[in-house]
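What follows is the residue order along each chain.
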Amino acid sequence: MEKQYNTKKAHNSFNYSKEELIAYELLIEKFSVVKRQYKCKRYPFKCDFYIPSIDTSIEYNGIWTHGNHPYNSHNAEDIKRLEEMQVKAENSEYYRSAINTWTITDPLKRNIAKTNNLKYVECWNLTDIQDFIYHSK
């Protein structure tokens, strides 16, 4: 995975959604320097955006596989949605991957960011990006 990351970084060949490209442009307008697919020792994942001037990492979770909000194993709606996804996952690797992203990987990222005292922001859509920009100094 490390080799794959380094190759994509060297060739600038990461895949970005249209919304993520817009989010990047909005962040650049405000902060000038925004690093993409940023990785550091304190956060061993590829963070979508890192803003050095305010030492803040941003994960843009705009794709449905992130659940449109943090997964809550005690929330009835989330439990129902997960059950529906599990049925679809019986015949779909894509749904199995989405379940893993929403219920395992994203919570792990949050926990690592919290444990390492990172300034960490999750955005689920462009409105969240705009709110973050508006409230940033």
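You'll find the structure just up there.
Computed from a predicted structure; not experimentally measured. (Residues numbered from 1 in each chain as written. Predicted model: local features only at pLDDT ≥ 70, side-chain atom pairs only at ≥ 80, totals over all residues. Heavy atoms only, no water.)

Draft legend 1. Up close: the overall build of the chain. Tallying secondary structure elements over the chain gives five helices and four strands in all. Sequence-ordered secondary structure for the chain, helices as α and strands as β, is α-α-β-β-β-α-α-β-α. Excluding contacts between residues fewer than 6 apart, the proportion of contacts in the chain whose partners are at least 24 apart in sequence is 53%. (Helix = DSSP H or I, 4+ residues; strand = E, 2+ residues; numbered from the N terminus. Contact = heavy atoms within 4.5 Å.)

Draft legend 2. How the structure looks around unusual backbone geometry. Despite not being glycine, Ser 32 has its phi angle at roughly 65 degrees, a positive value. Here Ser 32 lies in the loop between helix H2 (18-31) and strand E1 (35-40). Ser 32 sits in the exposed class, given a relative accessible area of 57%. A positive phi angle, close to 55 degrees, is found at Asn 117, a residue other than glycine. For Asn 117, a relative accessible area of 67% corresponds to the exposed category. (Buried < 20%, exposed > 50% of the residue type's maximum accessible area, 1.4 Å probe, protein only.)

Draft legend 3. Fine view of the sheet that holds strand E2 (residues 43-51). Judged by pairing direction, the sheet is mixed, and its four strands sit side by side in the order E1-E2-E3-E4 without closing on themselves. The open sheet terminates on both sides in strands that have one partner only, identified here as E1 and strand E4 (119-123). On average, adjacent strands in this sheet sit at an angle of 45 degrees to one another, irrespective of strand direction. The pairing of strand E3 (residues 56-60) with E4 spans five bridges and is parallel. Counted as the bridge partner of Ile 58 is Val 121 from E4. The sheet contacts of H2 involve E1, E2 and E3, and relative to E2 the element is tilted by about 60 degrees. On top of the sheet, helix H5 (residues 126-135) reaches E2, E3 and E4; it is set at about 165 degrees to E3, its chief contact. (Pairing = 2+ DSSP bridges. Axes fitted to C-alpha atoms, helices over the stretch in contact; angles between N-to-C directions.)

Draft legend 4. Spotlight on the nonpolar core. Membership of the largest hydrophobic core comes to 14 residues, with the highest contact counts inside it found for Leu 27, Phe 49, Ile 58 and Ile 129. Those elements giving two or more residues to this core turn out to be H2, E2, E3 and H5. The contacts of Ile 58, once residues within four sequence positions are left out, are Leu 27, Cys 47, Asp 48, Phe 49, Ile 51, Val 121, Cys 123, Ile 129 and Phe 132. (Core = buried A, V, L, I, M, F, W, Y, C linked by side-chain atoms within 4.5 Å.)

Draft legend 5. Focus on the side chain of Lys 109. By the secondary structure assignment, Lys 109 is in helix H4 (residues 93-115). Not counting residues within four places of it along the chain, the set of residues in contact with Lys 109 comprises Tyr 43, Phe 45, Glu 59 and Tyr 120.

Draft legend 6. Region of interest: H4. An ideal rise of 1.5 Å per residue puts 33 Å on 23 residues; H4 measures up with 31 Å between its terminal C-alpha atoms. For H4, the principal kink sits at Thr 101 and spans about 40 degrees. The complete set of buried residues in H4 reads Ala 98, Ile 99, Thr 101, Trp 102, Thr 103, Asp 106, Pro 107, Lys 109, Arg 110 and Ala 113. Buried residues belonging to H4 abut E2, E3, helix H3 (76-89) and E4. (Expected span 1.5 Å × (residues − 1). Bend = angle between axes of the 7 residues up to and from the residue.)

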